[in-house]
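# Coordinate analysis (summary)
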Protein chains: 2
Amino acid sequence: MTKGQEKRMIVAFRHIGIVHSPLKKKQDVSPERYRGKSGFSNVQGELEIYPEYGKGLQDTEGFSHLIVLFHFHRSKESSLLAHPPFESGERGVFATRSPNRPNAIGMTVVTLIKKEGNRLFVSGLDILDGTPILDLKPYTSRDIHPDAQFGWIAQNPGLP
Amino acid sequence: MTKGQEKRMIVAFRHIGIVHSPLKKKQDVSPERYRGKSGFSNVQGELEIYPEYGKGLQDTEGFSHLIVLFHFHRSKESSLLAHPPFESGERGVFATRSPNRPNAIGMTVVTLIKKEGNRLFVSGLDILDGTPILDLKPYTSRDIHPDAQFGWIAQNPGLP
C-alpha cells in the first residue's frame, strides 16, 4: 500500500452470489484470449444469486445483456501500474482492466440466455469459476457509446 | 436485511477519490432527467483521484470514455424491489439502476474531456457532488453491444 492510502474511508460490501464458469484457472482468462472481440463470446456459465437475494432478479429476463460487478477474489496484490500483454511498458492501472487494482472490483457485460429461479445462464463470460458476485445491473442504452476511442489499446496489435 | 444475508462474506474497499459535480441534491439526479439519452450528456464535472492513487491515471488520456464505479453514499436503504419512475409497479432491483440495492455500488460511463494531474474533467456525469469513487476503468470495444435489448425499460415511455 502506498503512503496515504490507509487513511481513506473504507466501505464494506457483501457477496450476493457466485459465478459458475468453465474457466477454472487463471490461464483460462489469459490476456491472449482477449485478442479479438469474440475471445469469450462462446463461453457459457451461470450466475448463481444466493436465495435471499433472488427476488431482486425479477424482470431481468427481458434484458439481452447484464452488467456483472464482481470481486477479483484471486487478485493477490494491488498496483498502480500494470504491464498489459503485448505492450513494451507499463500502463496506469485505471487505463487497464487488470485485476490487480486498488479496489479489486471487476466489471463485465454478459449476454443473458435464460433465467431459472436464482440462476442466470449467460454467455460472453470472462470470469473465473467461483468468483463472488457483488452486483448485477441491466445494460441500457446509456451504456452504448459506438463512437468511443480506446487510447493505448487501439495502438496495441494484440488487443481488440 | 433479509434473513440469510448476514451470513455472506464481506469484502472491504477504499475510497480512491471524489466526484465534483454540479448535481448537488438528489432531485438533481431525479429519474425524470434520465428521459432521453441526452439527459446528462451536457453535465460536466471533475473526478478527483486522491494523490496517492494518481500514478494509476497514466494513459487514461487517450480514452474517450471511462467507466466510473462509485459508492452510492447517500443511499439509506437496501431493497430487492424498486419502483421505477413512470412504472405502475415494482421491478426487481437487479433489473434497475436504483441506488437502493444490496451493495450500493453505482456504475456510469462518462466522456473524458481532459486530464490535469489527479483530476479528470468529464461530461455525461449523472453522479452527485461528493460521491466517493471506487474505481475507474477504460471503456473498451467489449463494452459496446449495439444489438442489446432493454426489457421493461423498452416498454416504459418515460425512460430511454
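This text follows the structure it describes.
Residues numbered from 1 in each chain as written. Chains lettered and ligands numbered in written order. Predicted model: local features only at pLDDT ≥ 70, side-chain atom pairs only at ≥ 80, totals over all residues. Heavy atoms only, no water.

Another point: the interface of chain B and chain A. Reports of interface size often rely on the accessible area that becomes lost once the parts have come together. Counting from both sides, the interface comprises 80 residues of chain B and, opposite them, 80 residues of chain A. A combined buried area of about 7600 Å² lies between chain B and chain A, and 60% of that area is made up of carbon and sulfur atoms. Ranking the residues of chain B by area buried against chain A places B:F13, B:F94 and B:R142 at the top, with a combined share of 12%. Where chain B packs against chain A, one counts 42 residue pairs in polar contact (both at pLDDT 80 or more). At the level of secondary structure, the elements contributing two or more residues to the side of chain B that touches chain A comprise strand 1 (10–14), strand 4 (65–71), strand 6 (91–92), strand 7 (105–116), strand 9 (132–138) and helix 1 (151–155) of chain B. Tallied by class, residues from the side of chain B that touches chain A come to 39 nonpolar, 22 polar and 19 charged. (Contact = heavy atoms within 4.5 Å. Buried area = accessible area lost by both parts, 1.4 Å probe. Polar contact = N/O pair within 3.5 Å; in protein donor to acceptor, adjacent residues only side chain to side chain. Helix = DSSP H or I, 4+ residues; strand = E, 2+ residues; numbered from the N terminus. Nonpolar A, V, L, I, M, F, W, Y, C, P; charged D, E, K, R; others polar.)

Scanning the entire structure with this criterion turns up 26 salt bridges over all chains. Between B:R8 and A:E52 there is a salt bridge, and its shortest N-O distance comes to 2.6 Å. Taken together, the positions of B:R8 in the segment before strand 1 and A:E52 in the loop between strand 3 (44–49) and strand 4 (65–71) put the pair across two chains. The exposure class of B:R8 is buried, given its relative accessible area of 18%. Between B:E61 and B:K115 there is a salt bridge whose closest N-O contact spans 3.8 Å. Of this pair, B:E61 sits in the loop between strand 3 (44–49) and strand 4 while B:K115 sits in strand 7, placing them 54 residues apart in sequence. What makes B:K115 partly exposed here is its relative accessible area of 28%. Via salt bridges that share partners, A:E46, A:E48 and A:R119 belong to a single interconnected network. (Salt bridge = Lys/Arg side-chain N within 4 Å of Asp/Glu carboxyl O. Buried < 20%, exposed > 50% of the residue type's maximum accessible area, 1.4 Å probe, protein only.)

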